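Inside the fold
Listed below are the residues making up each chain.
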Amino acid sequence: MATQSLKQYRFGRFVLDPQARELYEDGRLVALAPKVLDALLWLFEHRERAVGRDELGAAIWGTADFTDGQLDRLIWGLRRALGDSGNERTMIRTVPRFGYRWVADVEPVMPAVEAETAAVVPEVAVVDEEPPVAPAPEAVTVPTAGSGPGPGSAPRRFPRLALGALVLLVLAAAAGSLHFWHRPAAEDAEPATASAAPATAPLVAVLPVAMDPESDSQWAWLRLGLMDLLAARLVEGGVHVVPAHNIVALMGGRDGALPSAEKVREATGASIVVAPSIHRTSDGWRLRLDLTGLDGAREIEVHESEPTATARHAADRVLVMMNRVPVTGRLGEERPGEDEIALRIDAAVTSQRFDLAQQLLDEVPPALRHAPQVRFMGVHVLLAQDRTTEALAELEALAGTDMDVDLRSSVLQGWGAVLARTGHPAEALVHLDAGVEAARKGHSAENYSSALRNRGAARVMLAHWSEADADFAQARIAMEMIGDSLGLAELEADEAAALINRQRYAEAAVLQARAIERLERFPAGEALRVAYGNKIAMELDLLDTPAALATASRALRSIEKTPPDGRADPVLALHISRADLAGGRFEEAERRLLAVRAGLDPAAPADRHSNAQLLLAQLAFERGDATEAARLVAYAEELRSKPALAAAHFAKRRSEAALLHVRALLAQQRAAEAGDVLRTFVQWAGGSTHPDVVARLRLAEALTSARGDSPEAAARHFDAALEAASKATPASLAQVAVAYGTHLLGAGEIGPATRVIGRVAQWAERDFDCALLQVRLYHALGQPEPWRRALAAAQSLAGERRIPPVLALAPVPVAAGDGTGPASGRIGSE
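Cut-offs and rules
Residues numbered from 1 in each chain as written. Predicted model: local features only at pLDDT ≥ 70, side-chain atom pairs only at ≥ 80, totals over all residues. Heavy atoms only, no water. Helix = DSSP H or I, 4+ residues; strand = E, 2+ residues; numbered from the N terminus. Buried < 20%, exposed > 50% of the residue type's maximum accessible area, 1.4 Å probe, protein only. Contact = heavy atoms within 4.5 Å. Areas by Shrake-Rupley, 256 points an atom, 1.4 Å probe, with all protein chains shown as cover. Axes fitted to C-alpha atoms, helices over the stretch in contact; angles between N-to-C directions. Parallel < 35°, antiparallel > 145°, perpendicular 65-115°, else oblique. Left-handed = near helix turned anticlockwise from the far one by under 90°. Nonpolar A, V, L, I, M, F, W, Y, C, P; charged D, E, K, R; others polar. Salt bridge = Lys/Arg side-chain N within 4 Å of Asp/Glu carboxyl O. Expected span 1.5 Å × (residues − 1). Pairing = 2+ DSSP bridges. Phe/Tyr/Trp six-rings, centres within 6.5 Å; stacked < 30°, edge-to-face > 60°. Lys NZ or Arg CZ within 6 Å of the ring centre and 35° of its normal.

When helices and strands are tallied, the chain shows 32 helices and 16 strands. Of all 830 residues assigned to the chain, the portion counted as buried reaches 57%. Restricting the contact set of the chain to residue pairs at least 6 apart, pairs at least 24 apart contribute 65%. Only carbon and sulfur atoms are counted for the fraction: they give 52% of the accessible area of the chain, which is about 32,900 Å².

What follows concerns the packing of helix α29 (residues 750-757) against helix α30 (residues 768-781). Running from amino to carboxyl end, α29 crosses α30 at an angle of 150°, the nearest separation of the two axes being 11 Å. Judged by the angle between their axes, α29 and α30 are roughly antiparallel. With respect to the hand of their crossing, α29 and α30 are arranged in left-handed fashion. Where α29 approaches α30, its residues Ile750, Thr754 and Ile757 are matched on the opposing element by Leu773, Gln774, Leu777, Ala780 and Leu781. Tallied by class, residues from the contact of α29 with α30 come to six nonpolar, two polar and no charged.

Right, let's get into the pattern of salt bridges. Two side chains bearing opposite charge may form a pair once their charged atoms approach each other closely. In this structure the tally under the stated criterion is 47 salt bridges. Here Arg387 and Glu390 are joined by a salt bridge, their closest N and O atoms 2.7 Å apart. Note on Glu390: relative accessible area 41%, which makes it partly exposed. Note that Glu492 and Arg514 form a salt bridge whose closest N and O atoms lie 3.0 Å from each other. Of this pair, Glu492 sits in helix α16 (residues 485-501) while Arg514 is found in helix α17 (residues 505-519), placing the two residues 22 residues apart along the sequence. Residue classification places Glu492 among the buried positions, given a relative accessible area of 0%. Look at Arg514 and you get buried, because its relative accessible area is 16%. Each of Glu48, Arg476, Glu492, Glu495, Arg514 and Arg518 takes part in salt bridges that share partners, so that together they form one network.

Compared with an ideal rise of 1.5 Å per residue, which puts 15 residues at 21 Å, α17 spans 20 Å between its outermost C-alpha atoms and is within 8% of the ideal. Lining the buried residues of α17 we find α2 (53-61), α15 (465-481), α16, α18 (526-541), α19 (545-560) and α28 (730-746).

As summarised here, the arrangement of the five strands in space is β4-β3-β2-β1-β8, forming an open sheet in which the pairing is antiparallel. If you trace the sheet from one side to the other, it starts and ends with β4 (28-29) and β8 (107-109), each paired once. In the sheet, strand β2 (residues 14-17) pairs with strand β3 (residues 22-25) via four bridges, with the strands oriented antiparallel. Directly across from Phe14, in β3, lies its bridge partner Glu25.

Remark on secondary structure: sheet strands pair via backbone hydrogen bonds, oriented parallel or antiparallel. Ordered in space as β5-β7-β6, the three strands form an open sheet in which the pairing is antiparallel. Because the sheet does not close on itself, it has two edges, and the strands there are β5 (51-52) and β6 (92-95). In the packing of helix α3 (residues 68-82) onto the sheet, contacts are made with β6 and β7 (99-102), and the angle to β6 comes to roughly 150°.

On to the packing of aromatic side chains. Tallying each qualifying case throughout the model produces six aromatic pairs. Between Tyr9 and Phe44 the ring centres are 5.0 Å apart and the planes differ by 65°, which places this aromatic pair in the edge-to-face class. Of the two residues, Tyr9 is situated in strand β1 (residues 8-11) and Phe44 in helix α1 (residues 34-45); the sequence distance between them amounts to 35 residues. Judged by relative accessible area, Tyr9 falls into the buried class, the value being 3%. Residue Phe44 is classed as buried on the basis of its relative accessible area, which comes to 0%. Both rings, one in Phe44 and one in Trp102, keep their centres 5.6 Å apart while their planes meet at 80°; by these two values the pair is edge-to-face. One end of the pair, Phe44, is in helix α1; the other, Trp102, is in strand β7, and 58 residues separate them in sequence. Take Phe44 and Trp102: they sit in the same class, and that class is buried. The side chain of Arg47 reaches across the aromatic face of Phe44, ending 4.2 Å from its centre. When the ring centre of Trp684 is taken as reference, the NZ or CZ atom of Arg654 above it lies at 4.3 Å.

Purely spatial values, then, with no claim about function.
In structure tokens, the structure reads:
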């Protein structure tokens, strides 16, 4: 990716330099204790929302073991340093009974060439910093233009991998120089002579190149290739350029229409838009640039014999117009023939045209075929063909070769991403750590933000929450500095997914809504589809079926607006099917699930096959076909037992399959086989601490004991399941309460049943199973009015499900305490 001129941030009389961890007041460096600065940076990085005291303390000390007094003293010291200690809080506001929120207006500015660094008010450093002891978070040291050994890097865009339905792992957002087969060593490279960026540099967006409709297909690569080259040349000259993947996303597919300047400005915040167009002439190529936002509209026209030469010449003229000095001897001026090969392959990979990319790779001259960058692009083709084992082997081999530091970071990121995607996050983290270090030494701020985001995603999978938060926070700063609007939106979706996984739903909902709103400014891509899927999953976890169905409809409408790119999204389709099942839309769920299953490549990740089978099994069970449910879920369980799905983060779905298998077998009176399935369940989940997994395991034990005429054991397991579920998602609590409550009602234990069923009464207006459970309770209690209200709620949520006929008949009224009826002698009893 292109290196960028990086921002500082002004608020009031202060300027904050996050990557240097420095605060200036009127140009003078303020001496802050490290933890005071940590608090300042955390509140600043999360300034679009309130930050809870627990979150802030954990971010500063790396643990929840801190005292209120420690945090109070630290915030007092921070406010004192900022002069924000009066009655009117103008920078950091207290949110009663919650935490704090940044309220100061912030203005991004470019770094000054020099800054006065006289220390002031050192007494701030004495703010109490007693442990909890934890490693201090690493400082955000973002690579900048000209940093590292050698010339600055040019824009790279590579396809992104979805890490299940949790977060996006970027395969590689940057991979060194655009012209990758020959880069001069640092001592051979001509030094940059571009002037320093002014304090408020404009953000520039370069659009894909418009081609003549009758242009030969062999020149189609110019559309994206010259866009890359123009942007790279501008970045080398010190211009702040929108990362290219934002522009590619706005195209909405490999053959999408060129985005308008207005659309680009709206989505990215760019103030200057460069719209190129190229025409073939009898003696060469004519490239025209239309610039809007640069002191009105301007035009540049260049004629050269080679298309890459026209791009370089035209970019240099833009630099002059922007009062920059063109940089010579750097981008693509050494071996022009290789430029075209590189740009052709890159354009094919970026456009998801992997068949063409493979053809071009096959045509690479033998002397260049083993170049690391060529092999790395070949990895993308292998992954597109679901040849994961071969891709991993090639990445491992590549990591052992000599290469540019930015390319090494990208290879390590790719290796880690594929390992994480295939269920090996701990092993992935080793390579992602190395990828972050390589990116830190490199030339590309975008590559660095990608590396941090990838590592944060792997840490989420390992439940390393505070470390993941730190990575995401640092990635956010780097993205803000380079104007990566799409990257920021995707990052917020990642952060929301991590919060969902921690059951911090209120915070997740705010981030998720904002991320989706921002992602919807771009045509629907993988990031938006994953965000929709995560939102549906969260709403189902919260037992908000109407909201999940509304999100599913919104996702379908959004995707329908996007031109098809030939790539179905089975992950989102599975989430939508879950919403359909929860809403009783069985025919729609079945149609979608069968289409997903039929469309899955046999080599596709095993979790997708397993999830499709599991949902079809749940559908069969809901329809009363326990035999078919058992057959389908047995295959889903077999897939879930494979090593690729053995990682802890896959356990939640595997426990869902195991519980359904037990229930389906018990429904067929196949108790011995249910016992065998339960024993396997205990073997792999017995040591789990995940509340949802534990709740389902105990529930499976309770149901098996109840069917085996072991009431005492059943009660013990039901109570254990209820206790575990109280720490799990509302959906797990409802699953246990419905089974336990129904069991107690069947046994005539209406008093205990009332207490269990009351735990989920709050969701009876949004979830069918909870509503039907209320119907059962009030029917057993002989209370016609509450029964009637509960029945109406259940009927409104039923969809294609049937209310049991006996429950649809009005109960015999029973007055409280009259000693008659089904509740007699039971209410309030243990």
